[in-house]
Amino acid sequence: MNAESRTRLNQTPEWTALAEHRDQLGDVELRELFAADPGRGTGYTLEVGDLHVDYSKHLVTDETLRLLRELAAATDVFGLRDAMLRGEKINTTEDRAVLHTALRAPRDAVIEVDGENVVPAVHAVLDRMAGFAERIRSGEWTGHTGRRIKNIVNVGIGGSDLGPAMAYEVLRSYTDRDLVVRFVSNVDGADLHEAVRDLDAAETLFVIASKTFTTIETITNATSARDWLLTELKAGPEAVAKHFVALSTNAGKVSDFGIDTANMFEFWDWVGGRYSYDSAIGLSLMIAIGPDRFREMLDGFRIVDEHFRTAPAESNVPLLLGLLGIWYGNFHDAQSHAVLPYSHYLSKFTAYLQQLDMESNGKYVGRDGQEVEWQTGPVVWGTPGTNGQHAYYQLIHQGTKLIPADFIGFAEPVADLGERFRAQHDLLMANFFAQTQALAFGKTPDEVRAEGVAEDLVPHKTFKGNHPTTTILAKELTPSVLGQLIALYEHKVFVQGAVWNIDSFDQWGVELGKVLAKRVEPALTEGAEVPGLDASTQALVAKYRELRGRK
Ligand SMILES: O=P(O)(O)OC[C@H]1O[C@](O)(CO)[C@@H](O)[C@@H]1O
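Residues numbered from 1 in each chain as written. Predicted model: local features only at pLDDT ≥ 70, side-chain atom pairs only at ≥ 80, totals over all residues. Heavy atoms only, no water.

- Per an unreviewed UniProt entry, the protein chain is named Glucose-6-phosphate isomerase, and its organism is Streptomyces ossamyceticus.
- The annotation that UniProt attaches to the protein chain under Subcellular location (unreviewed entry) is "Cytoplasm".
- UniProt's Catalytic activity (unreviewed entry) comment on the protein chain is quoted here verbatim: "alpha-D-glucose 6-phosphate = beta-D-fructose 6-phosphate". (UniProt positions renumbered as here; feature names shortened; annotations may be inferred.)

Dropping the structure here:
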C-alpha cells in the first residue's frame, strides 16, 4: 500500500480490531494481568544491545501485541523502513532521502542516494573532524594570538544545538575536564552574554552549527560572537579563521559569513536537523570526548540500527515502543508521553527527545495530503525522575490523565564518581524501581485501611495504579549506550510516523512563525506599519514600544 492508495487508517480492519479489543479489555488491571501470568515480569522483556527493556507494566496482553503488529504489517512499517535504509526519498514533501543511519554505517557499506554511494563522504568528514578535534585537544591548533584553545562555544539552535548539548551532558564524565564547552542557542542576547562573559577570546573557538546557515537566531548570535571576538582581540577579520569553524550543508552561506570553507565540516540534505548530532553537528561533542569515544557512540547507534533492520516484529524493540505509544495515543486517548531518566547526566535527554518526536510527528496532514482523522504525535515531556517525584509525579499517580512513561536507569553509577558519591546510587535506583511499582499496582482502599488510616482519608491515600510504564535498564551509561538509546527513540518515532502515514522528516509547522517574526521586527524597532497585522498583536506591539520608551 503506498501513501496515496492506502485506505484511511481508522477504516482498516486492523484498526477496528484494535478498537474492539480495547472495548473488550475494558479497564483491565495490571494486578489482574500479573496474577493471570506469573511469568509476565520476565516474559514481557526484550534485549537490544546493552538495553534491557521491560514492557510488562503495560496495559496489554499477547492479543493486544498481536493486533498492534497486524496494524504495523498493514501499514507496511517495515517496507517504509527498508525504503528509508535504501536511500529512497521517503521525505516526499522535501523530496529528500532520510539517511541518518548512513552517518554510522561501517566504512565498507554502500548506501546510494541518486546513484552515488554516500558512505565514503561520511567517513571522510568523520576523519577530518577527528583530525581537527585532536589538534584542539593537543593544543596544536592555536588562536590568532598563538594561545591554546581552552573554550569551545557551540552556536546553533534546534537540531544544531539540542543533540550535541544533550550528549555533552550525558557524557560529561568522558569529557576533557580542562576544556570549557558551552552551547548558545537562544536569540536572546543574554544567552551569548552569559556564555562568553568569563572567557578569554584568545582561547575561544566558536563552532557555528547550522544545516542551512540561514537560521536567523544562529546567524545573529554568530555575528555578535564575531564582533565580540574581534573587539576583545582588537583584531581585524583575519582573526576569524583561527576562532570560527562551521558545520553546515551550505558552503556558499558559510563563505558569505566570512568563514573559510576549509574550516567547514560538511553534512548533507539527507540528514534531518533533529537526526544530525552524529554528523558534523557533533563536532563540539567530539572535541570534548575525543574521536574514539565519539566512534564508540556511533557503534552504539549502529547496534540498534541493525536490530531495527533485522529483528522480527515480535522482538523488534523500536517497533514495540512505537506500537505501545499508538495503543495509548489512539486507543486510550493519552495526550502525552513522559520520559523520566534516573540519571543526572540525562538532564537534557527529554528536551532533546521533544524535538526528535514532536517536530517529527506533530502533524495533522498525512503523506497523502489529507487531514488525518486520528491522533498523531504526543506531547513529550519529563525531567530526571527523582526531581520529578517532588514536583509533578503527584499528577501521574493521582491525577485524571493517563500518562504512559519511560523510566531509564543504570545499574552502575558512572566510573569517575568516586566512592562517596557512588554510594548514593542504590538509593537513586530504589526510587526508580519503587515508582514504576507504585504506578502500576497502586494501593487499594483495603490496603490503606489495614494501615489504620481514618476512613475519611482513605480515598486520599488510595492509589488506583494502572499507570503504564516501560523500564529501560542498562549496566552503565557509556557512549555506546547513549548511541543505542538515541537510535531506539529515532526508530520508535519512525514507526509511529509510518503507521500514522505522516512525513516524519519535514517541519513545515515551524515556518509561519519565522516569517511573521521577520515582518513584525521593523514594527518594534522603527514603528513601521505592518500590513494586515491583527488588532491584538498591533496593540501588544504598541504597548511594547511604549514600555521601551519608543514613540
Ligand atoms: O541547523 P539549522 O538549519 O540552523 O536549523 C535549526 C533548526 O531549525 C529547524 O529548521 C526548525 O526551525 C529545525 O528543524 C532545525 O533543527
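That shown, we press on.
## Side note on the confidence of the model for the protein chain
Next up, step 1: Residues with a pLDDT of 70 or more make up 99% of the protein chain, whose mean pLDDT is 96.
Next up, step 2: Confidence metrics for the complex model read pTM 0.97 and ipTM 0.98. (pLDDT = per-residue confidence, 0-100.)

## Focus on the pattern of salt bridges
Next up, step 1: Scanning all chains against the criterion turns up 38 salt bridges.
Next up, step 2: Notably, a salt bridge pairs Asp446 with Arg449, separated by 2.9 Å at the nearest N-O pair. Within this pair, Asp446 and its partner Arg449 are both found in helix α20 (residues 445–450), separated by three residues, close to a single helical turn.
Next up, step 3: One salt bridge connects Lys543 with Glu546, and the closest N-O pair in it is separated by 3.4 Å. A residue pair is termed a helical-turn pair when its members lie 3 or 4 positions apart in one helix, as Lys543 and Glu546 do in helix α24 (residues 535–547) at three residues.
Next up, step 4: Judged by its relative accessible area of 52%, Glu546 is exposed.
Next up, step 5: Among the charged side chains, a network of salt bridges with common partners joins Arg104, Asp278, Asp305 and Glu490. (Salt bridge = Lys/Arg side-chain N within 4 Å of Asp/Glu carboxyl O. Helix = DSSP H or I, 4+ residues; strand = E, 2+ residues; numbered from the N terminus. Buried < 20%, exposed > 50% of the residue type's maximum accessible area, 1.4 Å probe, protein only.)

## Focus: the UniProt feature "active site" (unreviewed entry) in the protein chain
Next up, step 1: The UniProt entry lists Glu359, His390 and Lys514 under the feature "active site" (unreviewed entry), expressed in the numbering used here. Across 156 residues, the annotated set is spatially dispersed, with a maximum C-alpha separation of 36.9 Å. Within the annotated group just given, the residues that line the largest pocket are Glu359 and Lys514.
Next up, step 2: One can find His390 in the loop between α16 (385–389) and α17 (393–398).
Next up, step 3: Along the chain, Lys514 turns up in helix α23 (residues 511–526).
Next up, step 4: With relative accessibility at 45%, the residue Lys514 sits in the partly exposed group. (1 Å grid on protein atoms, 1.4 Å probe; cavity = no way out; pocket = protein on both sides within 12 Å on 5 of 7 lines; lining within 4 Å.)

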